[in-house]
Amino acid sequence: SKVIVMTRGSVEAEVGTRFGPDAQAVRTHPDLFEILPGGVSKGSGVARLCEILELDPARVLAVGDQENDVPTFG
């Protein structure tokens, strides 16, 4: 599950203070933040999908244009 927050302000520090490592905030658009469970990202989702489909992650292409896409490249 995730929560989407519409704001131009920053919420990363508040999410970190309130939830610690159990949650993370990632800006996905100039007006939007996604708040996700700690350790969950597009990268972890792609890694899990590779496990399920028995794919070598080195053979997967990732494309993205926002901060929340960065973990898919690791």
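Residues numbered from 1 in each chain as written. Predicted model: local features only at pLDDT ≥ 70, side-chain atom pairs only at ≥ 80, totals over all residues. Heavy atoms only, no water.

*Asks:* Lay out the overall build of the protein chain in plain terms, naming residues and giving numbers.
*Replies:* Of regular secondary structure, the protein chain possesses two helices and three strands. Listed N to C, the secondary structure of the protein chain is β-α-β-β-α in terms of helices and strands. With the C-alpha coordinates of the protein chain rotated into their principal frame, the extents come out at 40 × 25 × 20 Å. Out of the 74 residues in the protein chain, the part that is buried amounts to 22%. Here the analysis covers contacts within the protein chain between residues at least 6 apart in sequence; of these, 44% occur between residues at least 24 apart. For the protein chain, the accessible area works out to roughly 5,500 Å², and carbon and sulfur atoms hold 58% of it. Between the centroid of the 7 positive side chains of the protein chain and the centroid of its 11 negative side chains there is a distance of 3 Å. (Helix = DSSP H or I, 4+ residues; strand = E, 2+ residues; numbered from the N terminus. Buried < 20%, exposed > 50% of the residue type's maximum accessible area, 1.4 Å probe, protein only. Contact = heavy atoms within 4.5 Å. Areas by Shrake-Rupley, 256 points an atom, 1.4 Å probe, with all protein chains shown as cover. Lys, Arg positive; Asp, Glu negative; His and termini not counted. Charge placed at Lys NZ, Arg CZ, Asp CG, Glu CD.)

*Asks:* Would you mind going over the confidence of the model for the protein chain in detail, with residue names and values included?
*Replies:* Confidence along the protein chain averages 90 in pLDDT terms, with 100% of residues attaining 70 or more. The weakest mean pLDDT in the protein chain belongs to strand 2 (residues 23-29) at 88; the strongest belongs to helix 2 (residues 42-53) at 93. (pLDDT = per-residue confidence, 0-100.)

*Asks:* I'd like a description of the environment of Ile 52, backed by residues and values.
*Replies:* Counting through the fold element by element, Ile 52 comes out in helix 2. Of the residues examined, Ile 52 reaches a relative accessible area of 53% and is grouped as exposed. Separated by 48 residues in sequence, Ile 52 and Ile 4 have C-alpha atoms that sit 28 Å apart.

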